[in-house]
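One-letter residues, chain by chain:
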Amino acid sequence: EADIYQTPRYLVIGTGKKITLECSQTMGHDKMYWYQQDPGMELHLIHYSYGVNSTEKGDLSSESTVSRIRTEHFPLTLESARPSHTSQYLCASSESFGVGTEAFFGQGTRLTVV
Amino acid sequence: DQQVKQNSPSLSVQEGRISILNCDYTNSMFDYFLWYKKYPAEGPTFLISISSIKDKNEDGRFTVFLNKSAKHLSLHIVPSQPGDSAVYFCAASDWRGSTLGRLYFGRGTQLTVWP
C-alpha cells in the first residue's frame, strides 16, 4: 500500500480565498508530481519536482504554485481561488532511478470553488 | 496534443466474461506502459505494467499486451468481476528522455461489470 497522503480530501471554498493542498509521502521518493483531473478527461501534469528545492511547471498551465523544502512534503497553493479551479487534484511520487517504477498516488483533493 | 489515447470511454461486460481495454500511443520514445484503476473520489492505484522489451505481462486475472509496431496496448481481465468496475487509465513514460519517467495519461475507460 502506498504511503502518500493528501489533505483535505474535500474542500469547498469561496472565490478569492487562498488555499493550500497538502501532500506528504513516507517512501523517501525524490520525484513528486501534481496532476489535475476533470471527469472524463486525462490526468494533466501541472507541477513536478525532482527533489528538494526543485520545482517545474507541467504541461497544463496552472495559476497554482508549489514548493519542495523537504523531501516528503510537496504542497500546492492557490493564492486566489476561482470557480475555474474546481477540479480534482492528485499528488503522486515515484523513485528516482530505473526504468519500470510506477508512480504512487494519494487519494486526491476534490476542490470546489463557489 | 494527446500522446496516449483511449478511444472507448466506456465498456460494459457481464461477470465472468473477458474485459478488453485498449490504448494507443503516438510517441515512439515511450518505453514503459502502465495501467491504473480509479474509483470515484479516489486516487489512481497501480494495476499492471509492461516494459517495451516485452510483448506480454501477466498478473493473476490481468494481462497486458504490447504491440510496438502498432503503438497499441491492451489490458485483458479474465474473468471479470463486479469489483473490477472502475475507470481504467492507460499511461506511458519515457525513461530515457528528458522527462525522466513522468507519466502521460489517456482519458480513461469506464468499465462496468454486471452480474
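Structure: see above.
Parameters and conventions
Residues numbered from 1 in each chain as written. Chains lettered and ligands numbered in written order. Predicted model: local features only at pLDDT ≥ 70, side-chain atom pairs only at ≥ 80, totals over all residues. Heavy atoms only, no water. Pairing = 2+ DSSP bridges. Helix = DSSP H or I, 4+ residues; strand = E, 2+ residues; numbered from the N terminus. Salt bridge = Lys/Arg side-chain N within 4 Å of Asp/Glu carboxyl O. Polar contact = N/O pair within 3.5 Å; in protein donor to acceptor, adjacent residues only side chain to side chain. Patch = residues over 30% accessible without salt bridge, like charges linked within 9 Å, V, L, I, M, F, W, Y side chains within 5 Å. Areas by Shrake-Rupley, 256 points an atom, 1.4 Å probe, with all protein chains shown as cover. Buried < 20%, exposed > 50% of the residue type's maximum accessible area, 1.4 Å probe, protein only. Disulfide = S-S within 2.5 Å.

1. Some points on the sheet that holds strand β8 (residues 76-78) of chain A
Residues and elements named next belong to chain A.
- With respect to topology, 4 strands assemble into an open sheet ordered β1-β3-β8-β7, the strand pairing being antiparallel. Here the strands that pair on one side only, and so sit at the sheet edges, are β1 (4-7) and β7 (65-66).
- Both strand β3 (residues 19-25) and β8 contribute to a ladder of 3 bridges, which runs antiparallel. Within the sheet, the bridge partner assigned to leucine 21 lies in β8 and is leucine 76.

2. Quick notes on the pattern of salt bridges
- Under the criterion given, the structure shown has 6 salt bridges over all chains.
- In this structure, the salt-bridge partner of glutamate 72 of chain A is arginine 70 of chain A, at a minimum N-O distance of 3.1 Å.

3. Observations concerning the side chain of arginine 68 of chain A
Residues and elements named next belong to chain A.
- Inspection of the secondary structure puts arginine 68 in the loop between β7 and β8.
- A distance of 3.5 Å separates the side chain of arginine 68 from the backbone oxygen of arginine 70, its partner in a polar contact.
- A polar contact of 2.7 Å, which involves the side chain of arginine 68, links it to the backbone oxygen of threonine 71.

4. Focus on a nonpolar patch on the surface
Residue and element names in this part refer to chain B.
- Together, Ile18, Ile20 and Val78 make up an exposed nonpolar region whose accessible area comes to about 230 Å².
- When you line up the elements, isoleucine 18 lands in the loop between β2 (10-14) and β3 (19-25).
- Taking relative accessible area as the criterion, isoleucine 18 reaches 41% and is therefore assigned partly exposed.

5. As for the state of the cysteines
- What the rule picks out here adds up to 2 disulfides over all chains.
- In this model, cysteine 23 of chain A is linked to cysteine 91 of chain A through a disulfide, with the two sulfur atoms separated by 1.9 Å. Judged by the sign of its S-S torsion, about -75 degrees, the cystine formed by cysteine 23 of chain A and cysteine 91 of chain A is left-handed. Remark: cysteine 91 of chain A occurs in strand β9 (residues 87-94) and cysteine 23 of chain A occurs in strand β3; sequence separation between them is 68 residues.
- In this model cysteine 23 of chain B forms its disulfide with cysteine 90 of chain B; the gap between the sulfur atoms is 2.0 Å. Handedness here is read from the sign of the S-S torsion; for cysteine 23 of chain B and cysteine 90 of chain B, about -75 degrees, the answer is left-handed.

6. A few points about the sheet that holds strand β7 (residues 62-67) of chain B
All names here are of chain B.
- As summarised here, the arrangement of the 5 strands in space is β1-β3-β8-β7-β6, forming an open sheet in which the pairing is antiparallel. Across the chains shown, the open sheet's two edge strands, defined by having one partner strand only, are β1 (4-5) and β6 (56-59).
- In this sheet, β7 lies alongside β6 in antiparallel orientation, the contact comprising 4 bridges. Opposite glutamate 58, over in β7, you have threonine 63 as the bridge partner.

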